[in-house]
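Overview (structure and organization)
Residue-level listing of the chains:
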Amino acid sequence: ACVASAAFLVVAQLAGWLPVTVHETSTPTESVIAVVLAVAVTVLSLTLLMRQAEEVATEDLVNMFVHDMRSPLTVVMARLDMLRSDVASDSEAAEHADAAMTEAIHLNRMANNLLDVSRLEGTRLVLRRTPSNVSDLARNVAHALAPLDPSRHIEVRAGEPVTCECDAELLRRITENLVSNALKHTEPGGHVVVDVSSAHACVRIAVEDDGPGIPETERTQIFERYSAKGLRARNGQHSVGLGLAFCKLATAAHGGRIWVEAVTPHGSRFVVELPAA
């Protein structure tokens, strides 16, 4: 459109179709320059559009690959579970089987996070809200993750049942990601506390660890995709920076919010706040 309009103006000016005003100083040369600039803008726009199309195609390809990868991964986890039962009497073999299962579960969680982050960003993930007991949900998560890392202790503080109208599966995975993340950044022998409470028509899940903590300058960035490089460099833990991005998007889809704050003398507390209804 820019090129066509500028070309038309050049032809119209050269043909004398345009009225000439007293103060007009435009020349055919300036019109040609306008055409060149229009061409440059058009080429730049096309280049950016092509790059964006390539990025979308690449992301779709990755999502397809991860989606197809989950089926064989499920088979691997089932086989590992059978192997663990077969070698129960051999402590060393059982330890290796447990380690393999832990990594398989971690890989499965990463795959699910990648797919759901894309769905949440594209608003293609539909929430299935039901009245859910958040206290029991937190206890179930702690019970499931505790055997995977016995060197760190998980404590759940939930005095009375706390109910929330939410997608129970998504909330379970939010809690699971936060607890798993806390375990990664806690030294062996350390503690992770999951506190469930309700106040002012809101439900809160706070996951606290006694690890090294997160610098204030990074407390916002860690919720973005692929932002875990700095944290990984400090503690040696492997992460692609999808877990917290998933937590942020899934919390926002519920109409809630998530943030991280410092703990004295050291450590971090991740807080998820959701409307109770």
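Further up the page is the structure itself.
Residues numbered from 1 in each chain as written. Predicted model: local features only at pLDDT ≥ 70, side-chain atom pairs only at ≥ 80, totals over all residues. Heavy atoms only, no water.

**Examining the overall build of the chain**
A tally of helices and strands in the chain yields seven helices and seven strands. Helices and strands appear in the chain in the N-to-C order α-α-α-β-α-β-β-α-β-β-α-α-β-β. Across the 277 residues of the chain, 37% fall into the buried class. By sequence separation, contacts in the chain at least 24 residues apart represent 69% of the contacts at least 6 residues apart. Carbon and sulfur atoms provide 60% of the accessible area of the chain, an area that totals close to 16300 Å². (Helix = DSSP H or I, 4+ residues; strand = E, 2+ residues; numbered from the N terminus. Buried < 20%, exposed > 50% of the residue type's maximum accessible area, 1.4 Å probe, protein only. Contact = heavy atoms within 4.5 Å. Areas by Shrake-Rupley, 256 points an atom, 1.4 Å probe, with all protein chains shown as cover.)

**Section: helix H5 (residues 168–184)**
Look at H5: 24 Å from first C-alpha to last across 17 residues, which is about the 24 Å you get at 1.5 Å a residue. Buried residues dominate H5, accounting for 14 of its 17 residues. Between a side-chain oxygen at the N-terminus of H5 and the backbone nitrogen of Glu169 the separation is 3.2 Å; the capping residue is Asp167. (Expected span 1.5 Å × (residues − 1). Polar contact = N/O pair within 3.5 Å; in protein donor to acceptor, adjacent residues only side chain to side chain.)

**What about the packing of H5 against helix H7 (residues 243–253)?**
Following both chains from N to C, one finds H5 and H7 inclined at 145°, their axes separated by 9 Å at the closest point. Judged by the sense of rotation from one axis to the other, the crossing of H5 with H7 is left-handed. Of the residues in H7, those touching H5 at Leu170, Arg173, Ile174, Asn177, Leu178 and Asn181 are Gly243, Leu244, Phe246, Cys247, Ala250 and Thr251. For the contact of H5 with H7, the per-class residue count stands at seven nonpolar, four polar and one charged. (Axes fitted to C-alpha atoms, helices over the stretch in contact; angles between N-to-C directions. Left-handed = near helix turned anticlockwise from the far one by under 90°. Nonpolar A, V, L, I, M, F, W, Y, C, P; charged D, E, K, R; others polar.)

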